[in-house]
Amino acid sequence: KQWYQRRVRGALAKKDSLRPWQEFGNYNRLSKPGNAGIVTKRLSHNVMYYYTNYAFISAILIVYCIISSPLLLLAISVSAAACYLISTQKEGKTVHIGGHTFTPKDQAVICACISLPLLFFASAGTVIFWVIGLTASLVGIHASMMALPNEDGTEFTEMNESV
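Residue positions are given per chain, counted from 1 along the sequence in the order it is written. The predicted origin of the model limits local features to residues at a pLDDT of at least 70 and limits the giving and counting of side-chain atom pairs to 80 or more, whereas totals for whole chains, interfaces and linings rest on all residues. Based on all heavy atoms of the structure, the side-chain values leave hydrogens and waters out of the count.

Colleague: Please clarify how the overall build of the protein chain should be interpreted in this entry.
Modeller: Counting secondary structure elements, the protein chain contains 7 helices and 2 strands. In sequence order, the secondary structure elements of the protein chain are arranged as α-α-α-α-α-β-β-α-α. The cut-offs for exposure are 20% and 50% of the maximum accessible area for each residue type, with area from a 1.4 Å probe on protein chains only; residues under the lower value are buried, those over the upper are exposed, and the others partly exposed. Counting all 163 residues of the protein chain, 21% fall into the buried class. For the protein chain, restricting intrachain contacts to residue pairs at least 6 apart in sequence, the fraction spanning at least 24 positions comes to 69%. Numbering of helices and strands starts at the N terminus; helices are DSSP runs of H or I of at least 4 residues and strands are runs of E of at least 2. Whether two residues are in contact is decided by their heavy atoms: any pair within 4.5 Å suffices.

Colleague: What's the story with the layout of surface pockets in this structure? I'm lost.
Modeller: Over the atoms rolls a probe the size of a water molecule, and its path tells where empty space is left. Only protein atoms enter the 1 Å grid used here, on which a cavity is any set of points holding a 1.4 Å probe that cannot leave and a pocket is any open set flanked by protein within 12 Å on both sides along at least five of seven lines; residues with an atom within 4 Å of a point are listed as lining. Grid points are joined across faces, edges and corners, and a volume is the space filled by probe spheres set on the points. Approximately 150 Å³ is the volume found for the largest pocket. Ala82, Leu85, Ile86, Gln89, Val95, Ile97, Phe102, Gln107 and Ile110 are the residues that line the largest pocket. Elements with a contribution of two residues or more to the lining of the largest pocket: α5 (70-87), β1 (95-97) and α6 (104-121). Among the elements that take part in the lining of the largest pocket, α5 stands out by supplying 3 residues, more than any other. When residues are sorted by character, Ala, Val, Leu, Ile, Met, Phe, Trp, Tyr, Cys and Pro go into the nonpolar class, Asp, Glu, Lys and Arg into the charged class, and all the rest, Gly among them, into the polar class. Broken down by class, the residue content of the lining of the largest pocket amounts to 7 nonpolar, 2 polar and no charged.

Colleague: Honestly, α5 in this entry has me stumped. Any pointers?
Modeller: An ideal rise of 1.5 Å per residue puts 26 Å on 18 residues; α5 measures up with 25 Å between its terminal C-alpha atoms. Buried residues of α5: Leu72, Ala75, Ser79 and Ile86, and no others. An end-on view of α5 places all buried positions within 70° of arc, on one side of the element. Turned more than 90 degrees from where α5 packs its buried face, Pro70, Leu74, Tyr84 and Leu85 sit exposed. For α5, the secondary structure elements touched by its buried residues are α4 (51-68), α6 and α7 (124-145). Expected helix span is given by 1.5 Å per residue-to-residue step, counting one fewer step than there are residues. Think of the arc as the fan of directions from the helix axis to the C-beta atoms.

Colleague: Quick question: what am I supposed to make of unusual backbone geometry here?
Modeller: Glycine aside, residues mostly have negative phi, and peptide bonds are mostly found in the trans state. Unlike most non-glycine residues, serine 123 shows phi in positive territory, near 65°. Residue placement: serine 123 occurs in the loop between α6 and α7. Take serine 123: its relative accessible area is 35%, and that puts it in the partly exposed class.

Colleague: Sorry, what's going on with the state of the cysteines here?
Modeller: Linking two cysteines covalently through their sulfur atoms gives a disulfide. Any pair of cysteine sulfurs within 2.5 Å is marked as a disulfide. Counted under the stated rule, the structure contains 0 disulfides. Note on cysteine 83: no disulfide assigned, nearest cysteine sulfur contributed by cysteine 111 at a separation of 3.5 Å.

Colleague: What is the right way to look at the confidence of the model for the protein chain in this model?
Modeller: The predicted coordinates should not be examined in detail at positions where pLDDT is low. A residue's pLDDT is the confidence the predictor assigns to it, expressed on a 0 to 100 scale. Predicted confidence across the protein chain gives a mean pLDDT of 82, with 82% of residues reaching 70 or more. Here helix α1 (residues 2-16) stands out as the least confident element of the protein chain, with mean pLDDT 66; α7 is the most confident, with 93.

Colleague: Even after reading the chapter, I still don't get the packing of aromatic side chains, so can you show me in this structure?
Modeller: Whether two aromatic rings pair depends on their centres lying within 6.5 Å, for rings of Phe, Tyr and Trp, where Trp uses its six-membered ring; planes under 30 degrees apart make the pair stacked, over 60 edge-to-face, and the rest tilted. All chains considered together, the criterion is met by 7 aromatic pairs. Ring centres of tryptophan 21 and phenylalanine 24 lie 5.2 Å apart, and the angle between their planes is 85°; this geometry places the pair in the edge-to-face category. Separated by 3 residues within a single helix, tryptophan 21 and phenylalanine 24 lie in helix α2 (residues 21-24), roughly one turn from each other. Here tryptophan 21 falls in the partly exposed class, since its relative accessible area comes to 37%. When the ring of phenylalanine 24 is compared with that of tyrosine 50, the centres are 5.2 Å apart and the planes differ by 80°; the resulting orientation is edge-to-face. Taken together, the positions of phenylalanine 24 in helix α2 and tyrosine 50 in the loop between α3 (36-49) and α4 put the pair 26 residues apart, joining distant regions of the chain. The exposure class of phenylalanine 24 is buried, given its relative accessible area of 9%.

Next up, the structure:
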């Protein structure tokens, strides 16, 4: 419960740094960078400025991948449910099956040994690398094409980007 509350507070704090989508997608600010120095300046500025927007896009891609793959959704659900059940047991509660006693640590190891192959067969690794690759491409293209603001923050031009 405390973990969940910390995550909610963190998400609400990040929500405040979310830039307006009209500003993020303003195609009037898109321009071809003149040289590598401008690309570097744009990437440095825009990645920091639009960080929360990029993280939101990554989260949307992750949710899309999980929803569009029923086997992956099932694997994640089973693994999460097993981990949740193990974590909510009373401290030191053991499980007896077939004459064997399993401590909570043993249960967690068994859960991991079952979850990892299940996630492997559900192509979780492929999804992770697909999301990383697509996010890096989208962030790189957007950040390098979005012009920097002027000193006063009003206009966006190429003049303020000279190296």
